[in-house]
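Observations on the three-dimensional arrangement
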Amino acid sequence: MSYSLSEGAVEIIMSGGEYDGPVIQVLGHKKIQSRGEDRIRLIVSDGKHSHSLALLNSQLNNKVFSGELSNYSVIKVDKYFISSVQKKEEKRVMVILNLTIIAPGAEVGKKLGDPIQWSEDMTSPSYASTTKAEPKPVPTPMSNLSKTTAGINLNSSVLSSQMTHPIASLSPYQNKWVIKARVMNKTAIRTWSNAKGEGKLFSMDLCDESGEIRATAFKNECDKFYDMIQIDKVYYISRCQLKTANKQYTTLKNDYEMTFTADTVVSECMEESNSVPSIKYDFMPISDIADKGPDTILDVIGVCKSASDIQELTAKSTGKLLKKREATLVDSSGGAITLTLWGAEAEKFDGSSNPVVAVKGARLAEFNGSKSLSCLASTIVRVQPDVEEAHRLRGWYDNGGDSMAMVHISARVGQGGGNAEWMTFAEAEERRLGTGDKADYFSLLGVLTFTFADNAVYKACPQEQCNKKLVDQQNGLYRCEKCNREYPNYKYRLLLGATVSDPTGDQRVTAFNESAEVMLGRSAEEVGRLSDYDKAEYGQLLDHVKFKTFVFKFRTKIETYSDEAKLKTVVMSAQPVDYRDANARLVKSIKALSGVEV
DNA sequence: CCCCCCCC
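In this report, the structure presented in the accompanying data block is examined. Everything numeric in this text was worked out from a predicted model, so none of it was measured.

Each value, and the rule that gives it
- Residues numbered from 1 in each chain as written.
- Chains lettered and ligands numbered in written order.
- Predicted model: local features only at pLDDT ≥ 70, side-chain atom pairs only at ≥ 80, totals over all residues.
- Heavy atoms only, no water.
- Helix = DSSP H or I, 4+ residues; strand = E, 2+ residues; numbered from the N terminus.
- Buried < 20%, exposed > 50% of the residue type's maximum accessible area, 1.4 Å probe, protein only.
- Contact = heavy atoms within 4.5 Å.
- Near = heavy atom within 4 Å.
- Polar contact = N/O pair within 3.5 Å; in protein donor to acceptor, adjacent residues only side chain to side chain.
- Nonpolar A, V, L, I, M, F, W, Y, C, P; charged D, E, K, R; others polar.
- Expected span 1.5 Å × (residues − 1).
- Core = buried A, V, L, I, M, F, W, Y, C linked by side-chain atoms within 4.5 Å.
- Axes fitted to C-alpha atoms, helices over the stretch in contact; angles between N-to-C directions.
- Parallel < 35°, antiparallel > 145°, perpendicular 65-115°, else oblique.
- Salt bridge = Lys/Arg side-chain N within 4 Å of Asp/Glu carboxyl O.
- Pairing = 2+ DSSP bridges.
- Patch = residues over 30% accessible without salt bridge, like charges linked within 9 Å, V, L, I, M, F, W, Y side chains within 5 Å.
- Areas by Shrake-Rupley, 256 points an atom, 1.4 Å probe, with all protein chains shown as cover.
- Lys, Arg positive; Asp, Glu negative; His and termini not counted.
- Charge placed at Lys NZ, Arg CZ, Asp CG, Glu CD.
- Phe/Tyr/Trp six-rings, centres within 6.5 Å; stacked < 30°, edge-to-face > 60°.

The next point concerns the overall build of chain A. For chain A, the helix and strand inventory stands at 13 helices and 29 strands. Counting across all 598 residues of chain A, residues that qualify as buried make up 46%. Within chain A, residue pairs in contact and separated by at least 24 positions form 63% of the contacts whose partners lie at least 6 positions apart.

Here it is in structure tokens:
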């Protein structure tokens, strides 16, 4: 068995060129300490040259500890970057991010070829001309920086020709570095005032291939850099102060954070920087969120099916005036969830064109048994992001996904009724529910067996709290008798008559806006538009929801209309079935009925 | 040097 190594790759890579997926042999390894962390240094060979300054990304350490990556192994380096370390002089280091083991050491069993040790001064000009080599790094990266003025360097060529340092390598103990990083997120300018003084600041989240870090600019630096720093752009940044990050306040994966100082130099990277990754999302299908606990921090991507207007409220605890907007996101998992946006983010958000929205680091909140996502200050929200999942979702939504029935994870649960025992219609009748002076409430697992399509949606008063049906004045205006006013606009609201059945009987019920939206799987706005502009589709929608099963909570009370006493039953909430819960209830009643443990 | 991240 012979193994072919990428002869000459070490030389090309170490002299600044690019070599795609070099196949090299591991000749030895050594454990070193870096910032209190174990790092593995590999001695590698391409058959022609060996090189002892190959660092293994710490995530790969286990491959060595487990023996998987033993000496003489032949590996393909799938991903690497070149960094530099300062000892007595600048030294280039190859950091291996990803590798594939082509042949284990035991199988190879010997050193391949007769490699000689490579060193910096072996760099020959011939390689630079035959490869896509970048300009050779200047030996003293910081020497040029003093020539910049005001810290903002508009000509990136000075910095771009230099070697940059991986973010993961930054520490307070070393201040001669330049990073090449993408801005993932930038906060608004915030002011503070406390016993220690006052000021203003903004912060940004930066990332490169090696990791991420938060940087904050205070006062002067806040003014100086705020406009320049733009989300998604790549910058060369140097001369910041590093300090230990308070883990309490950050979700970024870095032990340190940076503070801009008067000496900080920032320069936009003008060339294509595909090597600097953009935000790394870890999207969770919306329907999976139902199983997650409160305070889970997660990423989602979905189409904004609807969004509320801005609501203003006063925080009880702080007395602060808050602005929020709720957007409903849906994805192809068939889940829907409410995302709450706050402050300026809420104000600028426009969901009217059903954009794809990507969210990184939102927090799962639970209120009255209903789950929703809430944005934190650190949450990144991107509207119409240029990522594959966004394009896929766009295609899905525009080609029928929009009419898919959704399980709304944030569906309201009747107050306090979440754990009420379920009843059947027969049991409700037996107990004469609704026949007393006060209304009775009960929950039931039932099937929607009929929907009354006539007048299921109406044009309601646009005022926040008034949901009165408007009178069409036939002149473009609508009159609200309750407000005694005419409006040019209106909001749609649902008032759905339906029949719910269970194995023991059925009941004519009425569902108002929120519960009807859950039952129809559409917003009142959408149903209204269909009713006015696409009667066929409207009819289909009302037809297709038949035989869907929900957990209903009813309010029932006997009422007399023209001498006839009838049970008036209102749907307080309709929830998609949580089958785990449903089965547990079933098992419980089987036990109770049979006296047998199951 | 901030560090609040909310409400029904």
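Okay, back to it.
Turning our attention to the protein's contact with DNA strand B. In the vicinity of DNA strand B there are 23 residues, among which Arg 214, Lys 243, Lys 324, Arg 363 and Ala 377 approach most closely. Between Lys 219 and DNA strand B, the recorded distance is 3.3 Å, taken from a side-chain N or O atom to a base oxygen. A distance of 2.4 Å is found between a phosphate oxygen of DNA strand B and a side-chain nitrogen or oxygen belonging to Arg 363. Mapped onto the surface near DNA strand B, the elements with two or more residues apiece are β8 (190-194), β10 (211-218), β15 (321-330) and β17 (356-367). When its residues are assigned to classes, the surface near DNA strand B shows ten nonpolar, three polar and ten charged.

Let us look at helix α13 (residues 579-594). Along an α-helix, residues three or four positions apart point the same way, because every turn accommodates 3.6 residues. In this model α13 runs 22 Å from its N-terminal to its C-terminal C-alpha over 16 residues, within 8% of the 22 Å that 1.5 Å per residue would give. Measuring from the backbone nitrogen of Arg 580 back to the side-chain oxygen at the start of α13 gives 3.1 Å, which picks out Asp 578 as the cap. Phi turns positive one or two residues past the end of α13, at Gly 595, with a value near 70 degrees.

One finds Met 519, Phe 552 and Phe 554 to be the most contacted residues of the largest nonpolar core, which totals 33 residues. Ranked by residues supplied to this core, first place goes to strand β26 (residues 491-502) with five residues. Once you skip the residues sitting within four places of it in the chain, Phe 552 turns out to touch Phe 442, Ser 443, Leu 444, Gly 446, Val 447, Leu 448, Val 500, Met 519, Val 571, Ser 573 and Ala 574. Core analysis: the next-biggest nonpolar cluster, separate from the first, contains 25 residues, Val 183, Met 204, Phe 225 and Tyr 256 among them.

Turning our eyes to something else, we now look at the packing of helix α11 (residues 524-533) against helix α12 (residues 535-544). Between α11 and α12, the shortest axis-to-axis distance is 6 Å and the interhelical angle comes to 130 degrees. Comparing the axis directions of α11 and α12 gives the class oblique. Contact with α11, carried on its side by Val 527, Leu 530, Ser 531 and Tyr 533, involves Lys 535, Glu 537, Tyr 538 and Leu 541 of α12 and no other residues of that element. In terms of residue class, the contact of α11 with α12 is built from five nonpolar, one polar and two charged.

Our focus in this paragraph is the pattern of salt bridges. In total, this model carries 23 salt bridges according to the counting rule given. When the shortest N-O distance is used, the salt bridge between Glu 209 and Lys 79 registers 3.8 Å. Taken together, the positions of Glu 209 in the loop between β9 (197-208) and β10 and Lys 79 in strand β4 (residues 74-86) put the pair 130 residues apart, joining distant regions of the chain. When its relative accessible area of 37% is taken as the criterion, Lys 79 is described as partly exposed. Salt-bridge contacts for Arg 394 lead to Asp 398; the nearest nitrogen and oxygen are separated by 3.0 Å. You can see Arg 394 and its partner Asp 398 sitting in helix α8 (residues 388-398), four residues apart, about one turn around the helix. Each of the salt bridges in this network shares a partner with another, and the network as a whole consists of Arg 214, Lys 243 and Glu 257.

Below, the discussion takes up the pairing of β15. Where strand β13 (residues 297-307) meets β15, four bridges bridge the pair, whose relative direction is antiparallel. The partner of Ser 306 across the bridge, within β15, is Thr 328. With antiparallel pairing between neighbouring strands as the criterion, strand β14 (residues 311-314) and β15 make up a hairpin whose turn holds six residues, including Gly 319 at a positive phi of roughly 75 degrees. Pairing analysis gives seven bridges linking β15 to strand β16 (residues 335-342), with the strands arranged antiparallel. Of the residues in β16, the one forming a bridge with Thr 328 is Thr 338. Taking the residues between adjacent antiparallel strands as the criterion, β15 and β16 are bridged by four residues, where Gly 334 takes a positive phi near 85 degrees.

The antiparallel open sheet is built from three strands, whose spatial order is β23-β24-β25. Strands with a single pairing partner mark the edges of an open sheet, and in this sheet they are β23 (471-472) and β25 (485-487). Bridging between β23 and strand β24 (residues 478-480) involves two bridges; their strand directions are antiparallel. Looking at β24, one finds that Asp 472 is bridged to Tyr 478.

The residue Leu 364 is located in strand β17 in this model. Spatially, the C-alpha atom of Leu 364 lies 8.3 Å from that of Ile 289, the residues being 75 residues apart in sequence. Contact partners of Leu 364, with chain neighbours within four places excluded, come to Ile 289, Lys 292, Gly 293, Pro 294, Asp 295, Thr 296, Ile 337, Lys 371, Ser 372 and Leu 373.

Now for a negative patch on the surface. Taken together, the side chains of Glu 421, Glu 427, Glu 429 and Glu 430 present a region of like negative charge at the surface. Among the structural elements, Glu 430 can be located in helix α9 (residues 425-430). In this structure Glu 430 comes out as exposed when scored by relative accessible area, which is 67%.

Moving on: unusual backbone geometry. For Asp 295, which is not glycine, the phi dihedral falls at a positive 75 degrees. Inspection of the secondary structure puts Asp 295 in the loop between β12 (256-268) and β13. Owing to a relative accessible area of 52%, Asp 295 belongs among the exposed residues under this scheme. In this structure, Ser 562 is a non-glycine residue whose phi angle is positive, near 35 degrees. Note on placement: Ser 562 falls in the loop between β28 (549-561) and β29 (564-575).

One pass over the structure, following the stated rule, counts 13 aromatic pairs. Note on Phe 225 and Phe 260: the rings are 5.1 Å apart at their centroids and 90 degrees apart in plane angle, and the pair reads as edge-to-face. In this pair, Phe 225 is assigned in helix α6 (residues 219-226) and Phe 260 in strand β12, connecting sequence segments 35 residues apart. As far as burial versus exposure is concerned, Phe 225 and Phe 260 are alike and both buried. An angle of 80 degrees between the planes, with centres 6.4 Å apart, marks the rings of Phe 425 and Phe 442 as edge-to-face. Here Phe 442 lies in strand β21 (residues 440-452) and Phe 425 lies in helix α9, a separation of 17 residues in the sequence. Here the two residues Phe 425 and Phe 442 agree in accessibility, since each one is buried.

The next point concerns the side chain of Thr 510. Along the chain, Thr 510 falls in strand β27 (residues 505-512). Excluding residues that lie within four positions of it along the chain, Thr 510 makes contacts with Leu 495, Leu 496, Lys 568, Thr 569, Val 570 and Val 571.

Note that strand β7 (residues 178-186) and strand β11 (residues 234-244) share five bridges and pair antiparallel. When the sheet's bridge partners are listed, Val 178 is paired in β11 with Ser 238. As judged from the nine bridges shared by β11 and β12, these two strands associate in the antiparallel manner. Residue pairing for β12: Thr 244 is matched across the bridge by Tyr 256.

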